[in-house]
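Results of the structural survey
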Amino acid sequence: MDGMLSQDEINALLSGANLDGGAPEEAADETLLTDEQKDALGEVANISMGTAATTLSTLLNQTVNITTPNVSYMYWDDLADSYDRPCVFLSIQYTCGLDGNNVLVLKERDVKIITDLMMGGAGVESEEPISELHLSAIGEAMNQMMGSAATSMSTMLGQKIDISPPVANLIDLNEKQDDSILPSFLNKRFIKVAFRMTIGDLIDSEIMQLYPFDFAENLCETFSANVMGGTDASVTDIPAAIPAPAAPEPAPMPQPDMTQMQQGMMGMPQMQPMPGYGMPQMQPMPGYGMPQMQPMPGYGMPQPNVNVQPAAFQAFTGAMSAAGHENIDLIMDVPLEVTVELGRTSKSIKEILEFAPGTIVELNKIAGEPIDVLVNGKYVAKGEVVVIEESFGVKITEIIK
């Protein structure tokens, strides 16, 4: 032995090492997407997130722009080193059309600003830590945003696609997380699709979607089958078409002699009406000046012999009232919902979220003013509150006509 390694031995050593600088990976994780698959994944993400940006813009009343995505590979350790912490993870599960899930990652500052905008604020980052209120608000925003993205994907892929409501969690990337919070595909190499997102002049940040390899490959296959005609081959892989044999040139058509044609047309006989069958003369209608078509002699339209009689209707009798009374008896047992309305008011979402035990809500009714009685939502009477033993009741004081 000369101490030199063979090529097979070098390949065996390299197969057990991770050349990307992340955590060691298993043999199954060495599968990479082709360039065509990466392009397809980026195109799907670009179209769906463009629709999602429009929905978020309407929700926040701000201009939202999302740039073209960048598709790359990543490990959990790489993500922890390169991204802000803590951050908010939103797990999205596909329930129809696609089999799998992905994760949407947002920065903590971005979540606070979006939540403040949803509550009617000016988009100010609060000093308070992320709470359940923030997670609930951002979950609802992303539910509408990713729901519109799923609708866009349904149109693009030609099949119905639905998602479950996103589950939001505050994650510190440097701490070990519970397996029930994070999807299992984050324990090995995964795919990162990163976007640059701007919201007005408040946010200029990066959001990203994390995909498992099997879900990304399934998405690319669906895209290829429905959008690209079922082929994912590159242009260089397509064989050149065999040229078809050249068609024989058609024989030149003889050019007509225009002088002879003119002489021939001048020598053609003029059209003369047949005796007894002259063309109908246009006569003006009396009082309107519009021409009236007269039938040709001997060729008038035959008039059908139609028996026309006036319509006969049955006379109304007093029996109708009796029938109507019987019909109203049929619905006497139909239950109706009676609602007594003490008063009303309107509150903003921010004020509703501030409700707590002991909060007093002022209504638009004055003390002592009659209350409204509604039947199936229709205002029918006024009344006053009474107490019957241990229950409340309403004494009708006026019927509304």
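Our structure is the block above this text.
Residues numbered from 1 in each chain as written. Predicted model: local features only at pLDDT ≥ 70, side-chain atom pairs only at ≥ 80, totals over all residues. Heavy atoms only, no water.

1. Section: empty space enclosed by the protein
Counted according to the given criterion, the structure contains one cavity of 30 Å³ or more. Of the pockets and cavities examined, the largest cavity occupies roughly 50 Å³. Lining of the largest cavity is provided by Val44, Ser48, Tyr94, Met146, Ala149, Met153, Gln209, Tyr211, Phe215 and Leu219. Elements represented by at least two residues in the lining of the largest cavity include exactly helix H2 (35-60), helix H5 (132-157), strand E8 (203-211) and helix H6 (213-226). Looking at the lining of the largest cavity residue by residue, the classes come out as eight nonpolar, two polar and no charged. (1 Å grid on protein atoms, 1.4 Å probe; cavity = no way out; pocket = protein on both sides within 12 Å on 5 of 7 lines; lining within 4 Å. Points joined across faces, edges and corners; volume = space filled by probe spheres on them. Helix = DSSP H or I, 4+ residues; strand = E, 2+ residues; numbered from the N terminus. Nonpolar A, V, L, I, M, F, W, Y, C, P; charged D, E, K, R; others polar.)

2. What about helix H4 (residues 108-118)?
Among all positions in H4, only Asp110, Val111, Lys112, Ile113, Ile114, Thr115 and Leu117 are buried. Following H4 by one or two positions, Gly120 adopts a phi angle in the positive range, close to 90°. (Buried < 20%, exposed > 50% of the residue type's maximum accessible area, 1.4 Å probe, protein only.)

3. With respect to the packing of aromatic side chains
Counted according to the given criterion, the structure contains five aromatic pairs. Ring geometry for Tyr211 versus Phe215: centroids 5.6 Å apart, planes at 10°, classification stacked. Look at Tyr211 and you get buried, because its relative accessible area is 4%. Three or more aromatic residues joined by ring pairs form one cluster here, namely Tyr94, Tyr211 and Phe215. In this arrangement the basic side chain of Arg189 is found over the ring face of Tyr73, its NZ or CZ atom lying 5.6 Å from the centre. (Phe/Tyr/Trp six-rings, centres within 6.5 Å; stacked < 30°, edge-to-face > 60°. Lys NZ or Arg CZ within 6 Å of the ring centre and 35° of its normal.)

4. Digging into the pairing of strand E7 (residues 190-199)
Most of E7 sits inside the fold, with nine of its ten residues counted as buried. Here strand E1 (residues 64-66) runs beside E7; their pairing, made up of three bridges, is antiparallel. Looking at E7, one finds that Asn65 is bridged to Thr198. Looking at chain direction, strand E2 (residues 70-74) and E7 are connected through five bridges and run antiparallel. By the bridge assignment for E7, Tyr73 is matched with Ile191. Pairing analysis gives nine bridges linking E7 to E8, with the strands arranged antiparallel. (Pairing = 2+ DSSP bridges.)

Scope: geometric values only; no functional claims are made or implied.
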